[in-house]
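Breakdown of the fold
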Amino acid sequence: MRRPDAQEQAVAVFAALTDPTRRALLDELARAGPATGTELARRLPISRQAVAKHLDQLAEAGLISSAEPAGRRRPYRLEPAPIRAAQLWLATLANRWDDRLSALERALGATATPTPDRGAT
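Residues numbered from 1 in each chain as written. Predicted model: local features only at pLDDT ≥ 70, side-chain atom pairs only at ≥ 80, totals over all residues. Heavy atoms only, no water.

This part takes up the overall build of the protein. Helices and strands together make up the secondary structure of the protein, namely five helices and two strands. Taken from the N to the C terminus, the helices and strands of the protein come in the order α-α-α-α-β-β-α. For the protein, with 121 residues in total, the buried portion stands at 23%. Long-range pairs, those at least 24 residues apart, make up 52% of the contacts in the protein between residues at least 6 apart in sequence. Looking at the protein as shown, the accessible area adds up to about 8900 Å², and 55% of this sits on carbon and sulfur atoms. (Helix = DSSP H or I, 4+ residues; strand = E, 2+ residues; numbered from the N terminus. Buried < 20%, exposed > 50% of the residue type's maximum accessible area, 1.4 Å probe, protein only. Contact = heavy atoms within 4.5 Å. Areas by Shrake-Rupley, 256 points an atom, 1.4 Å probe, with all protein chains shown as cover.)

This is the structure we're talking about:
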């Protein structure tokens, strides 16, 4: 299996973050640390089955990982690398946009004609 490039990773992160329930799960893991699906279902107003579905989608995007089960407990924790990949992709995009805006500003400045001073007679 090939490793996703930065843009593919960013797309997976953004897709996972479109859902408010998944964002709430990530917020809860960030706030309180590793937790099982059952613990997360107790803390949030959603069913255990919904939590499991959303945790699977977050894991697919690489945003969380689960430790080896200890009995029936499988704690999930945040994975920062995909968020960093998305941030890097956004920063690259922003820099390209800034470069284009700067070039446009220079081009407009070079072609601008001075406006007459209306206060002089």
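Here the narrative resumes.
Considering the arrangement of structural elements, one finds Arg77 in strand S2 (residues 76-78). A relative accessible area of 43% places Arg77 in the partly exposed class. For the pair Arg77 and Ser66, spaced 11 residues apart in sequence, the C-alpha to C-alpha distance is 6.3 Å. Residue contacts for Arg77: discarding those within four places in its chain leaves Pro34, Leu63, Ile64 and Ser65. Reaching out from Arg77, the side chain makes a polar contact with the side chain of Glu79 at a distance of 3.1 Å. (Polar contact = N/O pair within 3.5 Å; in protein donor to acceptor, adjacent residues only side chain to side chain.)

Let's shift gears to helix H4 (residues 48-60). Under the 1.5 Å per step criterion, the end-to-end length of H4 is 18 Å for 13 residues, consistent within 8% with the ideal 18 Å. Where the residues of H4 are buried, they touch helix H1 (6-17), helix H2 (20-32), helix H3 (37-43), strand S1 (64-66) and S2. The first or second residue beyond H4 is Gly62, which carries a positive phi of 80 degrees. (Expected span 1.5 Å × (residues − 1).)

A few words on the environment of Ala85. As for its position among the elements, Ala85 is in helix H5 (residues 80-111). On a C-alpha basis, the gap between Ala85 and Gln9 in space is 6.6 Å, while along the polypeptide they are 76 residues apart.

Attention shifts here to a nonpolar patch on the surface. Among the surface-exposed residues, Trp97, Leu101, Leu104 and Leu108 lie close enough to one another that they form a single nonpolar patch of about 430 Å² accessible area. Positionally, Trp97 belongs in helix H5. For Trp97, a relative accessible area of 54% puts it in the exposed group. (Patch = residues over 30% accessible without salt bridge, like charges linked within 9 Å, V, L, I, M, F, W, Y side chains within 5 Å. Salt bridge = Lys/Arg side-chain N within 4 Å of Asp/Glu carboxyl O.)

Moving on: the pattern of salt bridges. Pairing is possible between side chains that carry opposite charge, provided their charged atoms lie close to one another. According to the stated counting rule, one finds four salt bridges in the structure shown. Glu28 is the partner of Arg43 in a salt bridge, and the nearest nitrogen-oxygen pair spans 3.1 Å. Placement of the pair is Arg43 in helix H3 and Glu28 in helix H2, with a sequence separation of 15 residues. When its relative accessible area of 9% is taken as the criterion, Glu28 is described as buried. Across the salt bridge formed by Arg73 and Glu39, the nearest N and O atoms sit 2.9 Å from each other. Of this pair, Arg73 sits in the loop between S1 and S2 while Glu39 sits in helix H3; the two residues are 34 residues apart in sequence, bridging distant segments of the chain. For Arg73, a relative accessible area of 43% gives the class partly exposed.

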